[in-house]
Amino acid sequence: GPAPGVLGEAASGPERAVALLRHLADAYRSLSLFQCQEAIDAFERLPQAHFKSGWVLSQVGRAHYEMVRYSDALRAFKKAHDVEPHRLAGMELHSTILWHLKREVDLCHLAKRAVELDRASPYSCCVVGNAFSLQKEHDTALKFFCRAIQLAPDFAYAHTLCGHEHAAKDDFDNASKAYETALLHDPRHYNAWYGLGNIYFRQEKYSDAEVHMKRALRINSCSSPLHCYLGMALHRSRKNPQALEQLGEAIKIDPRNPLARFEKAQVLLSMDKSEAALAELQLLVEVAPKEGMVHLTMGKLYKKLGRPQEAVVHLTRALDLSPKDSQQIKAALLNLQRDRDDDEEEEL
């Protein structure tokens, strides 16, 4: 950052302006290198008058977004809108955050506002596309993302959003083409590397998935989900120690990432480390008490550890939470009942 006093009153106007630009450039450089926390700290050291500008607040929002801190990001984007209501740049990320948080009403309001500001802006098209995507109207969403590309052919994120919609429709060929086009325009657009990795993962090409997730992580290492997805690919390739390392990193960055804990438990189970797996699942139940799959896994694990009472509690809970898995859960409960009957017969 600038030397103490450089932004103070003592320095001349031109010196203060140069120092301010240098400070902004340093912060923006950190963000461009995905040193997100350093970027936020640098922006927060700015004088309040400059920190409270639409551009700075949008950058702070983006830094939180890249670290998957969606509620912090949302706060920053809302403040940016309050001080600069006409600002469209950054709205595409604001809308993506609302998409992840499944805030349909807020996202519809944002789309309406964007269109009122400028319906011919690529940012507006992305916001509207995200609103349709959240409604699972993938074809309509694609129309708007394609419109964004027509308006700004080098807008890498619009190409990636197209890729996500194609992938949601299981159209992997067009999804891959969209991600590859995004990377032609911006080779450091990690979201597109992740998109390609995700397609390979879904096609069970786990070593290709691993390569692409690693490319994404080399660009943005502060994303908990990227570490998690790489860990999942490594686990499918039976590289369990590396998988545990990546999943551990995902949990370290975001202790509340439920998928990372669940996958870590699965890796530990496959390595016959039942007690360690149980410890992860017990932590997970506190974060995600309403996930039927977690209770089902715990129920089976308690059965394996010879603790039938606890097994019944979790399997019954799983049955309440996941009616769609009822066949599997009922089968597990029946097996448990059979084992108990067998034990009772032996005692007789």
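Fair warning: this is a prediction, and the values are worked out from it, not measured in the lab. (Residues numbered from 1 in each chain as written. Predicted model: local features only at pLDDT ≥ 70, side-chain atom pairs only at ≥ 80, totals over all residues. Heavy atoms only, no water.)

Draft legend 1. Structural detail: the overall build of the protein chain. A count of helical and extended segments in the protein chain gives 20 helices and 0 strands. By principal-axis analysis of the C-alpha atoms, the protein chain measures approximately 95 × 50 × 35 Å. For the protein chain, contacts bridging at least 24 residues in sequence account for 49% of all contacts bridging at least 6. In the protein chain, 45 positive and 47 negative side-chain charges are present, and the distance between their average locations comes to 4 Å. (Helix = DSSP H or I, 4+ residues; strand = E, 2+ residues; numbered from the N terminus. Contact = heavy atoms within 4.5 Å. Lys, Arg positive; Asp, Glu negative; His and termini not counted. Charge placed at Lys NZ, Arg CZ, Asp CG, Glu CD.)

Draft legend 2. Broad picture of the packing of helix α2 (residues 36-44) against helix α4 (residues 54-66). Their axes nearest at 9 Å, the elements α2 and α4 cross at an angle of 155 degrees. Compared by their axis directions, α2 and α4 come out roughly antiparallel. Here α2 runs over α4; the crossing is left-handed. Only Trp55, Val56, Gln59, Val60, Ala63, His64 and Glu66 of α4 make contact with α2, whose side of the interface consists of Cys36, Ile40 and Phe43. The residue makeup of the contact of α2 with α4, split by class, is 7 nonpolar, 2 polar and 1 charged. (Axes fitted to C-alpha atoms, helices over the stretch in contact; angles between N-to-C directions. Parallel < 35°, antiparallel > 145°, perpendicular 65-115°, else oblique. Left-handed = near helix turned anticlockwise from the far one by under 90°. Nonpolar A, V, L, I, M, F, W, Y, C, P; charged D, E, K, R; others polar.)

Draft legend 3. Focus on the confidence of the model for the protein chain. In this model, the protein chain carries a mean pLDDT of 93, and residues with pLDDT of at least 70 account for 95%. Note that residues 1-6 has pLDDT below 50 and, in this model, 10 contacts with residues that lie over four places away or in other chains. (pLDDT = per-residue confidence, 0-100.)

Draft legend 4. Geometry of the nonpolar core. Core analysis: the biggest nonpolar cluster contains 105 residues, and Phe43, Tyr65 and Leu281 have the highest contact counts within it. At 7 residues, the largest contribution of residues to this core is made by helix α12 (residues 190-202). Those residues in contact with leucine 281, other than ones at most four positions away along the chain, are Phe262, Ala265, Val294, Thr297, Met298 and Leu301. (Core = buried A, V, L, I, M, F, W, Y, C linked by side-chain atoms within 4.5 Å. Buried < 20%, exposed > 50% of the residue type's maximum accessible area, 1.4 Å probe, protein only.)

Draft legend 5. Representation of the state of the cysteines in the model. Applying the stated criterion to the full structure yields 0 disulfides. For the unlinked cysteine cysteine 228, the closest cysteine sulfur is that of cysteine 222, found at 15 Å. (Disulfide = S-S within 2.5 Å.)

Draft legend 6. Broad picture of the pattern of salt bridges. Scanning the model with the defined rule gives 16 salt bridges in all. Ionic pairing is found between aspartate 272 and lysine 304, a salt bridge with its closest N-O pair at 3.5 Å. Placement of the pair is aspartate 272 in the loop between α16 (258-270) and α17 (274-287) and lysine 304 in helix α18 (residues 292-304), with a sequence separation of 32 residues. For the pair shown, aspartate 272 and lysine 304 are each scored as exposed. Residue arginine 307 pairs with glutamate 310 through a salt bridge whose shortest N-O separation is 2.9 Å. Judged by relative accessible area, glutamate 310 falls into the partly exposed class, the value being 30%. Residues joined in a network through salt bridges with shared partners are Glu210, Lys214 and Lys239. (Salt bridge = Lys/Arg side-chain N within 4 Å of Asp/Glu carboxyl O.)

Draft legend 7. Unusual backbone geometry, seen in detail. The residue lysine 102 is not glycine, and still its phi comes out positive at about 60 degrees. Of note, lysine 102 is situated in the loop between α6 (91-100) and α7 (104-118). In this structure, aspartate 170 takes a positive phi of about 60 degrees despite not being glycine. Take aspartate 170: it is sitting in the loop between α10 (156-168) and α11 (172-185).

Draft legend 8. The arrangement of helix α15 (residues 240-253) in detail. Given a rise of 1.5 Å per residue, 14 residues ought to cover 20 Å, and the 20 Å separating the end C-alpha atoms of α15 matches this to within 8%. Residues of α15 that are buried make contact with α13 (206-219), α14 (224-236), α16 and α17. (Expected span 1.5 Å × (residues − 1).)

Draft legend 9. Representation of the packing of α11 against α12 within the structure. Axis separation between α11 and α12 bottoms out at 8 Å; the angle between their running directions is 155 degrees. In terms of orientation, α11 and α12 fall into the roughly antiparallel class. When you trace α11 past α12, the crossing you get is left-handed. Touching Phe172, Ala175, Ser176, Tyr179, Glu180, Ala182 and Leu183 of α11 are Ala192, Trp193, Gly195, Leu196, Ile199 and Arg202, all from α12.

Draft legend 10. Representation of the environment of asparagine 174. Relative to the helices and strands, asparagine 174 is located in helix α11. Residue classification places asparagine 174 among the partly exposed residues on the basis of a relative accessible area of 32%.

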